[in-house]
Amino acid sequence: MENLPKRYDPAKREKKWRQYWEEQQVYRCNLDDGTPVYSIDTPPPTVSGDLHMGHCYSYSQPDFYARFHRMNGCNVFYPMGFDDNGLPTERLVENRLGITPDGVGTETFIREIVKISRELEENYEQLWKMLGLSVDWEHVYTTISFESRKAAQYSFIDLYRKDRIYRSSSPSIWCPACRTAIASAEVADLNRETTMITIPFRINNNESIPIATTRPELLPACVAVFVNPDDSGYRNLIGTTAITPLFNKQVPILGDEKADPEKGTGIVMCCTFGDTTDIKWWREHDLPLVGVIGADGILNAQAGFLAGLDIGSARRKIIEELRNQNLVMDETAVFQTVSVHERCDTPVEYVETKQWFVRVMDSKEELLEAGRKIHWYPGYMLSRYEDWVNNLEWDWCISRQRYHGVPFPLWYCSDCGSIILAENSELPVNPGIQSPTKPCECGNDNFVHESAVMDTWMTSSMTPQIAGKWLDPGDTFNRVFPMSLRPQAHDIIRTWTFYTILKSLYHFGEIPWTDIGISGHGLSPEGHKVSKSRAVNVSDPLAVMEKYSADAIRYWAASSRLGEDSMINEDKIAAGQKLVTKLWNVARFSSSFILDYEPPVAVPSLLPTDRWVLSELQQLTRDVSDSYRKYDHLTSKNRIEGYFWNAIADNYLEMVKSRLYDQPGGSIEKESARYTLYHVLKTVTRLLAPMMP
Ligand SMILES: [Zn+2]
Ligand SMILES: [Zn+2]
């Protein structure tokens, strides 16, 4: 123990320890020795701006566990990644440099992305170090890197060979604004008011049936009419036909339980496609496909007089026409929930296009079972995963009609259409500029590449593989996989959690991690989720660190449980600062008695008070370790604080002062106190260290 200055200067002390950790390489993970490995699948932050207090919150918590397990003798594999392979990073580059991929070309654009990413990644690393994250900086990856692209393409080829991936011309979820297919994980609900109109479908010369719809512009795509077989009013119509208004097309009237007699008029028109029920009906009843909405969201020639209009204009036009011809029986304003593309809030359409899919629908049971094998913290988060899997209605569409992203590692033969996969040794491959090594089996050597790129989740779903150096010849991957912990936020269970489990299951038949810890978000003082674009409104971590300390920020992060959001709370941060300062003062007071103290090997004679304090300390150590093991840092923190403030600072220290000052060295009274104080101080500091190092 050293002589401590009177005043605690966090900036100086934290810097000193940071330097010590770096010099001593305390966080280097040496996988060669035989100690058990605790590995962390660190979330790679999106490279799109500066880090904010929300990041400090969610990144501190996994560090508690890294430090706890390291102190308990584990070899901790704690890598760091950066996600620079997505639209947010592209947007940042576009905004900062005023360039677009169309303007400067894809290659140049990607070079600029990499340049700006490197710059930001260095800032991130600096902040993480200031915050005391015990990351092993030897293990850093980025999602746009050579290795990541290689892993994504390798994964594609492996799953294609295992028949988990297929290409199909089938209805996909389509964003008409972004003009790309998307996966159901990118769809959000939006509530809005809309008009439901009721229109007549003729069933013979003088009778018609009323049908209510919110999508009259899809009338030209109507291929059938459905009624519920239990609906006594209409079931006699099943097997007959109806004529659509305006378009005068004859369509069958069919029976299906999914037609709800209570909804609208109880009769539903099925269009290809208004929603997912339409798709089910189309499949189950083998109906024809009339696609009227083009990839650009413009109605095509099949839409008759609506051709050339966008969806909104087509709706207005057809309502006007129906009114003109006295075909509107009723108009009601209704609230409805529509599915929108979460990135642009555009209502999605269902368009038949040729896309690549990963099979999901036939493996729901496997996926659920895998989810249940993982320990979830908090436990109730498992149900979010289960709900997502249970409610899935689509295979995972992995092709995106965009310019940037990891290309599909394949070519199509221009003659016979065969798919030629790239060789694993060629990966990562860019089929747009490279060609297959040999001609197609049909003899043709002309090829076209897939113009779509892969969903970024094809890469991000492989963070354990990428961080663990899956495709490297070394032994790292076998040592760290399956990983011990996946820390992540709750809003990406349906994407990051789900896709990572799926990949691991399909590649290895294993779960990717034994534990998953779901954190909440650090919220701005007004209660909003802090996002990087809003970060200007929120205290900047460096400023907070300067005013208080990294320990104080970590204390705030330790003040709520996994799964709970927490508002940035200056009182909490100040309370953390008070705790470290008090600890410092207690240590400084004690140092005059236990400086250079070597505790005797055998427990000396102890006074009853000291014995009580030490037995409480033992209990505390057990409880706190248990809580850490269960990812319950809040209980650890509360227990330590309770003991330190109540038992020690307010009581024991007062009681023991006179003994320490007045009794001669060597007396039972004094030696018992020195022994106790030494152990209390050492243990409390160590128990707090995972949270406040
Ligand atoms: Zn969109
Ligand atoms: Zn061929």
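Residues numbered from 1 in each chain as written. Chains lettered and ligands numbered in written order. Predicted model: local features only at pLDDT ≥ 70, side-chain atom pairs only at ≥ 80, totals over all residues. Heavy atoms only, no water.

**What to know about the confidence of the model for the protein chain**
Mean pLDDT for the protein chain: 91, with 98% of residues reaching 70 or above. By mean pLDDT, the top-scoring element of the protein chain is helix α9 (residues 364–373) (98), and the lowest-scoring one is strand β24 (residues 522–523) (77). Note on residues 533–538: pLDDT under 50 across the span, and 8 contacts to partners over four residues away in sequence or across chains. (pLDDT = per-residue confidence, 0-100. Helix = DSSP H or I, 4+ residues; strand = E, 2+ residues; numbered from the N terminus. Contact = heavy atoms within 4.5 Å.)

**Overview of the coordination of the zinc ion (ligand 1)**
Within the protein, Cys175 (SG), Cys178 (SG), His341 (ND1) and Cys344 (SG) serve as the donor atoms for the zinc ion (ligand 1), at 2.0 to 2.3 Å. Classification of the site at the zinc ion (ligand 1) as tetrahedral follows from its 4 donor atoms and the range of 104 to 118° in their angles at the metal. Expressed as a motif, the donor residue spacing for the zinc ion (ligand 1) is C-x2-C-x162-H-x2-C. Residue His341 is classed as buried on the basis of its relative accessible area of 1%. (Donors = N, O, S within 2.8 Å, 3.2 Å for Na, K, Ca; no water. Tetrahedral: all angles 85-135°; square planar, octahedral: opposite > 155°, others 65-115°. Buried < 20%, exposed > 50% of the residue type's maximum accessible area, 1.4 Å probe, protein only.)

**Things to note about the domain arrangement of the protein chain**
Considered domain by domain, the protein chain is made up of domain 1 (10–156 + 457–567), domain 2 (181–350) and domain 3 (599–688). Taken over C-alpha atoms, the centre of domain 1 sits 37 Å from the centre of domain 3. In this assembly, 17 residues from domain 1 lie in contact with 11 residues from domain 3. Taking both partners together, domain 1 and domain 3 bury about 1300 Å²; carbon and sulfur atoms supply 61% of that area. Summed over the three residues of domain 1 that lose the most area to domain 3, namely Tyr65, Phe68 and Arg561, the buried surface amounts to 41% of that side. Run the count over domain 1 and domain 3 and you get 1 salt bridge. Ionic pairing is found between Arg561 and Asp632, a salt bridge with its closest N-O pair at 2.9 Å. The tally of links between domain 1 and domain 3 comes to 8 residue pairs in polar contact (both at pLDDT 80 or more). Among the elements of the structure, α2 (53–71), β22 (483–489) and α16 (550–557) are those that each provide at least two residues to the side of domain 1 that touches domain 3. (Domains from an automatic or database assignment. Buried area = accessible area lost by both parts, 1.4 Å probe. Salt bridge = Lys/Arg side-chain N within 4 Å of Asp/Glu carboxyl O. Polar contact = N/O pair within 3.5 Å; in protein donor to acceptor, adjacent residues only side chain to side chain.)

**Structural notes on the sheet that holds strand β6 (residues 180–182)**
Strand order across the open sheet formed by 4 strands is β6-β5-β14-β16, with antiparallel pairing between neighbours. Unpaired on one side and paired on the other, β6 and β16 (396–397) mark the two borders of the sheet. Strand contacts of helix α7 (residues 276–284): β5 (165–175) and β14 (349–358), with the helix running at about 140° to β5, the strand carrying the most contacts. (Pairing = 2+ DSSP bridges. Axes fitted to C-alpha atoms, helices over the stretch in contact; angles between N-to-C directions.)

**Considering the packing of helix α19 (residues 633–662) against helix α20 (residues 668–688)**
The contact between α19 and α20 brings their axes to 11 Å, and the two run at 160°. Taken together, α19 and α20 sit at an angle that is classed as roughly antiparallel. Crossing angle aside, the handedness with which α19 passes α20 is left-handed. Counted together, Ile640, Tyr643, Phe644, Ile648, Tyr652, Leu653, Val656, Arg659 and Leu660 of α19 and Glu669, Lys670, Ser672, Ala673, Arg674, Thr676, Leu677, Val680, Val684, Leu687 and Leu688 of α20 form the full contact between these two elements. Residues of the contact of α19 with α20, tallied by class, amount to 14 nonpolar, 2 polar and 4 charged. (Parallel < 35°, antiparallel > 145°, perpendicular 65-115°, else oblique. Left-handed = near helix turned anticlockwise from the far one by under 90°. Nonpolar A, V, L, I, M, F, W, Y, C, P; charged D, E, K, R; others polar.)

**Some details on the packing of aromatic side chains**
Per the counting criterion, the structure on display carries 35 aromatic pairs. Both rings, one in Phe273 and one in Trp282, keep their centres 5.1 Å apart while their planes meet at 80°; by these two values the pair is edge-to-face. In terms of burial, Phe273 and Trp282 fall into one category: buried. Pairing Trp376 with Tyr385 gives two aromatic rings, centres 5.6 Å apart and planes at 40°, and the pair type is tilted. The residues Trp376 and Tyr385 share a single accessibility class, namely buried. Following the ring pairs from residue to residue traces out a cluster consisting of Trp376, Tyr385, Trp396, Trp457, Phe498 and Tyr499. Positioned above the aromatic ring of Trp17, the side-chain terminus of Lys16 is 5.2 Å from the ring centre. (Phe/Tyr/Trp six-rings, centres within 6.5 Å; stacked < 30°, edge-to-face > 60°. Lys NZ or Arg CZ within 6 Å of the ring centre and 35° of its normal.)

**So, the coordination of the zinc ion (ligand 2)**
Cys413 (SG), Cys416 (SG), Cys440 (SG) and Cys442 (SG) make up the full set of protein donors to the zinc ion (ligand 2), lying at 2.2 to 2.3 Å. The motif formed by the donor residues of the zinc ion (ligand 2), counted along the single chain, is C-x2-C-x23-C-x1-C. Look at Cys413 and you get buried, because its relative accessible area is 3%.

**Describing the nonpolar core**
Core analysis: the largest hydrophobic core is formed by 85 residues, its most contacted members being Trp128, Tyr643, Ile648 and Val684. At 10 residues, helix α17 (residues 570–594) tops the list of elements feeding residues into this core. Mapping this core onto the domain boundaries places at least three of its residues in each of domain 1 (10–156 + 457–567) and domain 3 (599–688). Those residues in contact with Ile648 that lie beyond four places of it in its chain are Val613, Tyr643, Leu653 and Val680. Membership of the second largest hydrophobic core comes to 65 residues, among which are Ile165, Leu427, Ile493 and Leu502. (Core = buried A, V, L, I, M, F, W, Y, C linked by side-chain atoms within 4.5 Å.)

**So, unusual backbone geometry**
The residue after Tyr377, namely Pro378, is reached through a cis peptide bond having omega -10°. Summarising the element assignment, Pro378 is placed in the loop between β15 (375–377) and α10 (381–390). In this structure, Arg179 takes a positive phi of about 55° despite not being glycine. With respect to the helices and strands, the residue Arg179 is situated in the loop between β5 and β6. With a phi angle near 60°, Asp345 is a residue other than glycine that sits in the positive phi range. Looking at where Asp345 falls in the secondary structure, it is placed in the loop between β13 (330–341) and β14.

**Some thoughts on the side chain of Ser168**
Mapped onto the fold, Ser168 is located in strand β5. A polar contact is formed between the side chain of Ser168 and the side chain of Ser170, at a distance of 3.3 Å.

**A word on the pairing of strand β12 (residues 267–271)**
By the criterion of burial, β12 is predominantly enclosed, with 4 of the 5 residues buried. In this sheet, β12 lies alongside strand β9 (residues 222–227) in antiparallel orientation, the contact comprising 5 bridges. Counterpart to Phe226 in the pairing with β12 is Val268.

**With respect to empty space enclosed by the protein**
On inspection of all chains with the given rule, the structure shows 1 cavity of 30 Å³ or more. Looking at the largest cavity, its volume works out to about 50 Å³. As for the largest cavity, its lining consists of Ala183, Ser184, Ala185, Val360, Trp388, Leu392, Trp394, Asp395, Trp396, Phe498 and Tyr499. In terms of residue class, the lining of the largest cavity is built from 9 nonpolar, 1 polar and 1 charged. (1 Å grid on protein atoms, 1.4 Å probe; cavity = no way out; pocket = protein on both sides within 12 Å on 5 of 7 lines; lining within 4 Å. Points joined across faces, edges and corners; volume = space filled by probe spheres on them.)

**Details of the sheet that holds strand β23 (residues 513–519)**
Consider a sheet: its strands pair through backbone hydrogen bonds, and that pairing is either parallel or antiparallel. Strand order in the open sheet made by the 3 strands is β15-β23-β22, with parallel pairing throughout. Across the chains shown, the open sheet's two edge strands, defined by having one partner strand only, are β15 and β22. Across the sheet, the mean angle separating the axes of adjacent strands is 20° when strand polarity is ignored. Note: β22 against β23, 6 bridges, orientation parallel. Bridging from a neighbouring strand, Pro487 pairs with Gly517 of β23. The strands that helix α14 (residues 493–508) touches are β15, β22 and β23; relative to β22, the one it contacts most, it runs at about 160°.

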